Amino acid sequence: MMLMVLAWCLAGLMMPARAQSDPGATPVVVYTVQPGDTLWGGGYAARITPDGGNVADTVDELVRLNNLDSVSLRAGQRLIVPDEV
């Protein structure tokens, strides 16, 4: 039983979680930063930017949503990410 609970908890850390919000709000997911993730230089923002989109706009949105003081990320940090990105 303990192993099942541990496996369930670990699986939850690996998958983005859908955040609940009011019906009019933009749907978001919560992403846990992995070792080596960056916002720039082909990093996380580039991976989630839609084809033809501007990575700078994605970075700006992530900074705004998460009240980031810089674009530096650290492993284990949680980011709120728009679901439609």
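Predicted model, so just to flag it, every value in this text is computed and none were measured.

### As for the overall build of the protein
For step 1, the next point in the chain: Assigned secondary structure in the protein consists of three helices and three strands.
For step 2, the next point in the chain: Each helix (α) and strand (β) of the protein, taken in turn from the N terminus, gives the series α-β-β-α-α-β.
For step 3, the next point in the chain: When burial is assessed residue by residue, the protein has 27% of its 85 residues classed as buried.
For step 4, the next point in the chain: Relative to all contacts within the protein whose residues are 6 or more apart in sequence, the contacts with residues 24 or more apart total 48%.
For step 5, the next point in the chain: Of the roughly 6000 Å² of accessible surface on the protein, 61% is carried by carbon and sulfur atoms.

### Side note on the nonpolar core
For step 1, the next point in the chain: Core analysis: the largest hydrophobic core is formed by 13 residues, its most contacted members being Leu 39, Tyr 44, Leu 62, Leu 79 and Val 81.
For step 2, the next point in the chain: Every element with two or more residues in this core is listed here: strand 2 (28-32), helix 2 (44-48), helix 3 (55-66) and strand 3 (78-82).
For step 3, the next point in the chain: Considering each element in turn, this core owes the most residues, three residues, to helix 2.

### Notes on the confidence of the model for the protein
For step 1, the next point in the chain: Averaged over the protein, the pLDDT score is 78; the fraction of residues at 70 or greater is 67%.
For step 2, the next point in the chain: Strand 1 (residues 17-19) is the least confidently modelled element of the protein, averaging 50 in pLDDT, while helix 3 averages 92, the highest of any element.

### Focus: the environment of Ser 72
For step 1, the next point in the chain: Relative to the elements of secondary structure, Ser 72 occurs in the loop between helix 3 and strand 3.
For step 2, the next point in the chain: Ser 72 gets classed as exposed once you look at its relative accessible area, which sits at 54%.
For step 3, the next point in the chain: Residues Ser 72 and Thr 38, 34 residues apart in the sequence, show an inter-C-alpha distance of 6.8 Å.

### Some remarks on the side chain of Thr 58
For step 1, the next point in the chain: Looking at the secondary structure, you find Thr 58 in helix 3.
For step 2, the next point in the chain: Looking at Thr 58, the relative accessible area reads 8%, which means it is buried.

### Notes on the packing of aromatic side chains
For step 1, the next point in the chain: Scanning the entire structure with this criterion turns up one aromatic pair.
For step 2, the next point in the chain: Summarising the aromatic geometry, the rings of Tyr 31 and Tyr 44 are spaced 4.2 Å apart at their centres and angled 10° between planes, so their arrangement reads as stacked. In this pair, Tyr 31 is assigned in strand 2 and Tyr 44 in helix 2, connecting sequence segments 13 residues apart. Comparing Tyr 31 with Tyr 44 shows no difference in burial state: the two are buried.

Reading guide: rules and limits
- Residues numbered from 1 in each chain as written.
- Predicted model: local features only at pLDDT ≥ 70, side-chain atom pairs only at ≥ 80, totals over all residues.
- Heavy atoms only, no water.
- Helix = DSSP H or I, 4+ residues; strand = E, 2+ residues; numbered from the N terminus.
- Buried < 20%, exposed > 50% of the residue type's maximum accessible area, 1.4 Å probe, protein only.
- Contact = heavy atoms within 4.5 Å.
- Areas by Shrake-Rupley, 256 points an atom, 1.4 Å probe, with all protein chains shown as cover.
- Core = buried A, V, L, I, M, F, W, Y, C linked by side-chain atoms within 4.5 Å.
- pLDDT = per-residue confidence, 0-100.
- Phe/Tyr/Trp six-rings, centres within 6.5 Å; stacked < 30°, edge-to-face > 60°.

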